[in-house]
Amino acid sequence: MVLKVFFPSCCSSADSGILIGRWISEQNSAVILAVVHFPFIPVQVKQYLGEVQHLTKVSVSVLGSWSNSKQEKEESLSEFLEDLGTIFCHEPWIQISKEGDSKFWSCSILQKHPKNPQEEEIILVYYDQRKVMLSHLHPPLDTAGQRAEDASKLSAIFDTVARSQVLFMTDRYDEGPIKLTHWQSDGVEASIIVELLKQASVPACMLLTFLLSLVSGICRSRVLKFWPLSFLWSKLSTCEQLGHRLQHLQVISSNKKAQNQNQLMRKANIFVSLLIDVALGILLMSWLYRKNRIGHLADTLIPVADHVAEELQDLLQWLMGAPAGLKMNRALDQVLGRFFLYHIHLWISYIHLLSPFIEMILWYVGLSACLGLTVALCILSDIIALLTFHIYCFYVYGARLYCLKIYGLSSLWRLFRGKKWNVLRQRVDSCSYDLDQLFIGTLLFTILLFLLPTTALYYLVFTLLRLLVVIVQGLIHLLVDLIDSLPLYSLILRLCRSYRLAAGVKFRVLEQQDGKPLRLLMQINPLSYGGVVQTYRLPTYSCYPRDSWASLCKKLFLGELIYPWKHKGDKQN
């Protein structure tokens, strides 16, 4: 029979005394929690353990004795430690002794009524009490029905340490009849700054909750449900991002306590994400308003818009000729070219009308960076969408013409084969046509077929321009989603205190000596960085519909539209 003794490494230098812990009979294991030093009164120890057991619901008892002799072991101390087993009456009684600075300890078992006459093999397992306490590998402490019911699992060890938190609240500076050694015996781990922040966070959260309730009430009012405010709120990326950050602030300022570790980590990740986002936004705002960069940006914006318009005019002039040596339908080519040139002329006039106000607009837009870098990036995406609105219009016109001809040709092709599309049954049925219908269908099919190359060329050129704008906006929104969803607090915790994000445990065999018990070291296995991102990733929303390449090619071939603005997608859990 193997008996496992889980001994905290923080007690290896403790003075002689008795071992306090929990005996798990299903595992034939003893979990040592603390060492009570000499001198002590047994009645007071039993009374103290009764109070701890009442508060923690853990069957804490005296499991054995601990002897740490700096010199050679004294016979009187050995006899006294053996006599303690008759006072506290625990079966079995564990005796652990350390002589000098030796790392090989002696461990023996005393049983008055041994069930097995053979000598039990002892395994001494060292564990870091602080890491086990903070690793959160134990069941939730507030679920009384799920507190490590299956005692045959290793989680019972973690559950025992986690539920014994009251035992670790006393240190050696406390004036009391009992002196303990555990992971907080040199002082309870705490920070004055953290405690002050906890006290100040209550009124701050109440004030923030009140302000957020007012903002949420305004956002849910009927005024924003009327057109065009509802249209702008659903289409502009800035409004979507502000709504997303408003939900984050509501989660942070909520006075509801986190139920488990995942909810606590989610709140911390949101708080750190908001903090870094606002800090980066303030840095961007300070950079923009330094050395009159807003004025320089406004001065370069109009020449860039004029240059883009000139390039588009040159592109249309090229399309109205013989592009790449292709023979185009001249009449349709001239009509489309002049139509698009007129739109470019209107766009240039619109830009020059706004030129006196562009610097003032940019000055006020720069102030929005104090709300966060993500809000500034979303505003940049909306500005790009507005500045390239004429390219979007060209794309829509070309896509509609191309789509009309594709569907017309497919319908007339079914006419040649004696088929038609049944709208009610949503299928292709057979149909008989007379001579006049076939003649008109042939003429229309010929006209559409010869006009298709001209329309397809305009559609192809403007689709490529539209895709270029979409790629730029997509990269901006990828950066926004990265800042919104990246669990920065969890990554920092994984880098600095990896045991807080534990994935499991591993045992390492330590150096052995004949006649001494087998020594193992229990270590915490941290989550990988990829596992941290996958486990604690914050919910976000997609920038654009995430279609496959086949679906995207199908849409482009059929002339379906690629939407210019950010559309709210399904939220990720």
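Residues numbered from 1 in each chain as written. Predicted model: local features only at pLDDT ≥ 70, side-chain atom pairs only at ≥ 80, totals over all residues. Heavy atoms only, no water.

A. Layout of the overall build of the chain. Scanning the chain from N- to C-terminus turns up 17 helices and twelve strands. Of the contacts made within the chain by residues no fewer than 6 positions apart, 73% connect residues no fewer than 24 positions apart. In the form shown here, the chain has an accessible surface area of approximately 32,700 Å², with 63% of it arising from carbon and sulfur atoms. (Helix = DSSP H or I, 4+ residues; strand = E, 2+ residues; numbered from the N terminus. Contact = heavy atoms within 4.5 Å. Areas by Shrake-Rupley, 256 points an atom, 1.4 Å probe, with all protein chains shown as cover.)

B. Structural detail: the packing of helix 9 (residues 293-320) against helix 14 (residues 435-485). Where helix 9 contacts helix 14, the axes come no closer than 11 Å and their chain directions differ by 160°. Between helix 9 and helix 14, the interaxial angle falls into the category roughly antiparallel. Considering the relative orientation of helix 9 and helix 14, their crossing is right-handed. Counted together, Leu312, Leu315, Leu316, Leu319 and Met320 of helix 9 and Leu457, Tyr458, Val461, Phe462 and Leu465 of helix 14 form the full contact between these two elements. (Axes fitted to C-alpha atoms, helices over the stretch in contact; angles between N-to-C directions. Parallel < 35°, antiparallel > 145°, perpendicular 65-115°, else oblique. Left-handed = near helix turned anticlockwise from the far one by under 90°.)

C. Representation of the confidence of the model for the chain in the model. Predicted confidence across the chain gives a mean pLDDT of 79, with 78% of residues reaching 70 or more. For the stretch residues 542-546, pLDDT sits under 50, and the model shows 17 contacts to residues farther than four places along the chain or on other chains. (pLDDT = per-residue confidence, 0-100.)

D. Layout of the packing of aromatic side chains. In the structure shown here, the tally under the stated rule is 18 aromatic pairs. Aromatic side chains tyrosine 458 and phenylalanine 462 sit 6.3 Å apart centroid to centroid with 40° between the ring planes, which places their arrangement in the tilted category. In this pair, tyrosine 458 and phenylalanine 462 both sit in helix 14, four residues apart, roughly one turn of the helix. Comparing tyrosine 458 with phenylalanine 462 shows no difference in burial state: the two are buried. An aromatic cluster of three or more residues is present, and its members are Phe339, Phe340, Phe394, Tyr397, Tyr458 and Phe462. (Phe/Tyr/Trp six-rings, centres within 6.5 Å; stacked < 30°, edge-to-face > 60°. Buried < 20%, exposed > 50% of the residue type's maximum accessible area, 1.4 Å probe, protein only.)

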